[in-house]
Amino acid sequence: MNLFLQVIAILAVVVGTLFSVVGVVGFIRLPDVYTRLHATGKVGVFGVVFLLVAAAFGEPLGWGRGLFLILLLVITGPATAHAIGSAANRIGLPRKGAERDDLVYTSKSKS
Amino acid sequence: MYNLLLIVPLLLVYLELSSNFELSNVVVGLLIVSGILLLIRPRRRPMAWHRLPSAIVALIKYVVILAYDLIMSGIQVARIVLDPALPIQQGIVAIPSECESELGSALSAHAITLTPGELVIEMDEQGVMYTHCLDATKSEQYVAEAQKMRRDLLEKIFS
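So, a few notes on the structure that sits alongside this text. Note that the structure is predicted; figures quoted are calculated from it, not measured.

## Remarks on the overall build of chain B
Okay, step 1: What chain B contains, in helices and strands, is five helices and three strands.
Okay, step 2: Listed N to C, the secondary structure of chain B is α-α-α-β-α-β-β-α in terms of helices and strands.
Okay, step 3: Rg of the C-alpha trace for chain B: 21 Å, well past the compact-globule value of 15 Å for 159 residues, more than 25% over.
Okay, step 4: When the backbone C-alpha atoms are referred to their principal axes, chain B occupies close to 60 × 40 × 30 Å.

## As for the packing of helix α2 (residues 33-58) of chain A against helix α3 (residues 63-90) of chain A
For any two helices packed against each other, one specifies the crossing angle of their axes together with the interaxial distance.
Residues and elements named next belong to chain A.
Okay, step 1: Where α2 meets α3, the axes come as close as 9 Å, and the angle between the chain directions of the two elements is 175 degrees. Taken together, the axes of α2 and α3 are roughly antiparallel relative to one another. Side by side, α2 and α3 meet where Val33, Tyr34, Leu37, Val48, Val49, Leu52, Val53 and Ala56 of the first sit next to Trp63, Gly66, Leu69, Ile70, Leu73, Ala81, Ile84, Gly85, Ala88 and Asn89 of the second.
Okay, step 2: Per-class residue counts for the contact of α2 with α3 are 15 nonpolar, three polar and no charged.

## Topic: the interface of chain A and chain B
Okay, step 1: Of the residues lining the interface, 39 residues belong to chain A; the matching set on chain B comes to 40 residues.
Okay, step 2: Here chain A and chain B share an interface that buries about 3300 Å² over both sides, 67% of which is from carbon and sulfur atoms.
Okay, step 3: Of all residues in chain A, the largest losses of buried area upon contact with chain B belong to Arg29(A), His38(A) and Arg100(A), amounting jointly to 20% of the total for that side.
Okay, step 4: Across the chain A-chain B interface, the total number found is one salt bridge.
Okay, step 5: Taking the shortest distance from any N to any O, the salt bridge between Arg90(A) and Glu122(B) comes out at 2.7 Å.
Okay, step 6: Here chain A is connected to chain B by eleven residue pairs in polar contact (both at pLDDT 80 or more).
Okay, step 7: When residues of the side of chain A that touches chain B are traced back to their parent elements, those giving at least two are α1 (2-29), α2, α3 and β1 (100-101) of chain A.
Okay, step 8: For the side of chain A that touches chain B, the element with the highest residue contribution is α3(A), accounting for 13 residues.
Okay, step 9: Of the residues assigned to the side of chain A that touches chain B, the class counts are 18 nonpolar, ten polar and eleven charged.

## Digging into the environment of Asp83(B)
All names here are of chain B.
Okay, step 1: Within the secondary structure, Asp83 sits in the loop between α3 (52-82) and β1 (91-96).
Okay, step 2: Here Asp83 falls in the partly exposed class, since its relative accessible area comes to 28%.
Okay, step 3: At 2.9 Å, the side chain of Asp83 and the backbone nitrogen of Ala85 are in polar contact.

## Examining the packing of aromatic side chains
All names here are of chain A.
Okay, step 1: What the rule picks out here adds up to three aromatic pairs over all chains.
Okay, step 2: With centroids separated by 4.8 Å and ring planes inclined at 50 degrees, the aromatic side chains of Phe19 and Phe46 adopt a geometry described as tilted. One end of the pair, Phe19, is in helix α1; the other, Phe46, is in helix α2, and 27 residues separate them in sequence.
Okay, step 3: Note on Phe19 and Phe50: the rings are 6.2 Å apart at their centroids and 5 degrees apart in plane angle, and the pair reads as stacked. Separated by 31 residues along the polypeptide, Phe19 in helix α1 and Phe50 in helix α2 bring together distant segments of the chain.
Okay, step 4: Put simply, the rings of Phe19, Phe46 and Phe50 touch in pairs and so form one group of aromatic residues.
Okay, step 5: Taking the ring centre of Phe27 as reference, the NZ or CZ of Arg36 above it sits at 5.3 Å.

## With respect to the packing of α1(A) against α3(B)
Okay, step 1: Where α1(A) contacts α3(B), the two axes come as close as 9 Å, and the packing angle between them is 50 degrees. Considering their axes alone, α1(A) and α3(B) lie oblique with respect to each other. As α1(A) packs across α3(B), the resulting crossing turns out to be left-handed. In this structure, α1(A) uses Phe19(A), Val22(A), Val25(A), Gly26(A) and Arg29(A) to contact α3(B), whose residues at the interface are Gly74(B), Ala78(B), Val81(B) and Leu82(B).
Okay, step 2: A class-by-class count of the residues in the contact of α1(A) with α3(B) yields six nonpolar, two polar and one charged.

Parameters at a glance
- Residues numbered from 1 in each chain as written.
- Chains lettered and ligands numbered in written order.
- Predicted model: local features only at pLDDT ≥ 70, side-chain atom pairs only at ≥ 80, totals over all residues.
- Heavy atoms only, no water.
- Helix = DSSP H or I, 4+ residues; strand = E, 2+ residues; numbered from the N terminus.
- Rg over C-alpha atoms; globule rule 2.2 N^0.38 Å.
- Axes fitted to C-alpha atoms, helices over the stretch in contact; angles between N-to-C directions.
- Parallel < 35°, antiparallel > 145°, perpendicular 65-115°, else oblique.
- Contact = heavy atoms within 4.5 Å.
- Nonpolar A, V, L, I, M, F, W, Y, C, P; charged D, E, K, R; others polar.
- Buried area = accessible area lost by both parts, 1.4 Å probe.
- Salt bridge = Lys/Arg side-chain N within 4 Å of Asp/Glu carboxyl O.
- Polar contact = N/O pair within 3.5 Å; in protein donor to acceptor, adjacent residues only side chain to side chain.
- Buried < 20%, exposed > 50% of the residue type's maximum accessible area, 1.4 Å probe, protein only.
- Phe/Tyr/Trp six-rings, centres within 6.5 Å; stacked < 30°, edge-to-face > 60°.
- Lys NZ or Arg CZ within 6 Å of the ring centre and 35° of its normal.
- Left-handed = near helix turned anticlockwise from the far one by under 90°.

So yeah, pure geometry; function would need other evidence.
Right, here's the structure in full:
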């Protein structure tokens, strides 16, 4: 049973590290603010969540704290990504090579 | 009075999370819990007990669907990022939230932003969510169906 938990913890560490690396690679490779937010805000949070899952399984007394931190991260992560994206849109940063654009101008970016 | 009753469950949660039952830790927990209650000042709300089972079922369903979405689109974003050709087709898609309550719109926007590859950057008064997508070629029908399912579950949870 203990070995089983250890294996899950190690798998979660590997997956979490992989997603963190993907987040950084995406931040460097993607072309503009909005797509970079996808890479860091999402895949980065993914990585941290998997590392916390590993902590929850690897440390028998720490599962409560691990789940609590995951909950907080899942609530606050999207709020920060939305704040940066909305601010970038309001000061009118361009979207490189957009396929479609339903939001042409907001009232704030016109004035 | 209601706030004094709330101290007990919050203190139990704190002790469980810190897994330390010494007297000094209990005192610290009491201070933290009373600080939280002074800051938030929750009010007693009428509970619809007969709706509770269906709300819990809807909550579990919502979390499972959300987790599945998260993992699938996480893998998709990772594949786009690692692809040498970088096949992004970004764009902004307008998704009507069609929720009556502001809480419903806020939680739908939260769920969409949580999903990798989708990011709500603006909302208007009608509750239309302008969503930035890494892959903006998804069909309108697919997006509308996902939003409808999300809205139905959220309404069941919070009604």
